[in-house]
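Report on the structure
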Amino acid sequence: MKWIKYDKDDNKHPILSWCEDVEEKAYSQAVNLSNHPAIYKHVALMPDCHCGYGMPIGGVIACDNAVIPNAVGVDIGCGMGAIQTNIPVGKLQGKQKLREILEGIKRYVPVGEGHSHHSKQDWAGFENYLKSVGVHEENLSQADTKHGYWLTRHSWELAKKSIGSLGGGNHFIELQKGDDGFIWMMLHSGSRNLGFRIADYYHKLAKRRCM
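Below, the structure is looked at part by part. These numbers come from a predicted model, not from an experiment.

Basis of the calculations
Residues numbered from 1 in each chain as written. Predicted model: local features only at pLDDT ≥ 70, side-chain atom pairs only at ≥ 80, totals over all residues. Heavy atoms only, no water. Pairing = 2+ DSSP bridges. Helix = DSSP H or I, 4+ residues; strand = E, 2+ residues; numbered from the N terminus. Axes fitted to C-alpha atoms, helices over the stretch in contact; angles between N-to-C directions. Expected span 1.5 Å × (residues − 1). Buried < 20%, exposed > 50% of the residue type's maximum accessible area, 1.4 Å probe, protein only. Contact = heavy atoms within 4.5 Å.

**Observations concerning the sheet that holds strand E2 (residues 15-17)**
Taken together, the 4 strands give an open sheet; going across it, the order is E1-E2-E3-E4, and neighbouring strands pair in mixed fashion. The sheet terminates laterally at strand E1 (4-6) and strand E4 (57-63), the two strands that pair on one side only. Along the sheet, successive strands turn relative to each other by an average axial angle of 20°, direction set aside. For strand E3 (residues 39-50) and E4, the ladder comprises 5 bridges, and the chain directions are antiparallel. Counted as the bridge partner of valine 43 is isoleucine 61 from E4.

**Topic: the pairing of strand E7 (residues 182-189)**
Here strand E5 (residues 79-88) runs beside E7; their pairing, made up of 7 bridges, is antiparallel. Across the sheet, glycine 79 pairs through a bridge with serine 189, a residue of E7.

**Looking at helix H6 (residues 194-209)**
Its 16 residues give H6 an end-to-end C-alpha distance of 23 Å, which sits within 8% of 22 Å, the value for a rise of 1.5 Å per residue. For H6, the full list of buried residues reads Gly195, Arg197, Ile198, Ala199 and Tyr201. Structurally, H6 contributes buried residues whose contacts are with helix H2 (69-72) and helix H5 (153-162).

Set out below in structure tokens:
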């Protein structure tokens, strides 16, 4: 895939875009970033770039001796995966079979902004994480800033209901036909509020440090 180089008078650093048609607001944010004093070398735009919070979603930058929390974004914890199944492509023919599979996914995987399981889900990783940071669940407070703000009783209970849910926006589950002759499952899962809490905490911290 070819990239396009934008190197104009209003750009301190060049913008390299792998997106052929960058929307106006996203490009304006890229130009603004190209003039940031901490930007190193160039601003890169990926094929999925679109307007974000101060920085385009699908934008990539490197900084010299600086961290910009909003450039990291609120999607910390979002997941992307491609998983090969053992189902040959020939065994999954017809729209009816595909509908049955997708309906089954919808029954077990909550989809949409704010949609989680009605009850807490079991996963050994929850207890293992608390052990790794030396915290007992019953001691979680309403605002435990020691562990990065997000680790509160509310967020912990929310996480137990959110695991195994998809999220909203551009998150998806889909079936694909692989070149290897097998059915693959492609998944893009959301951070389920975790990314926002972490980004919001460090964004506010950065503002305080810069005052």
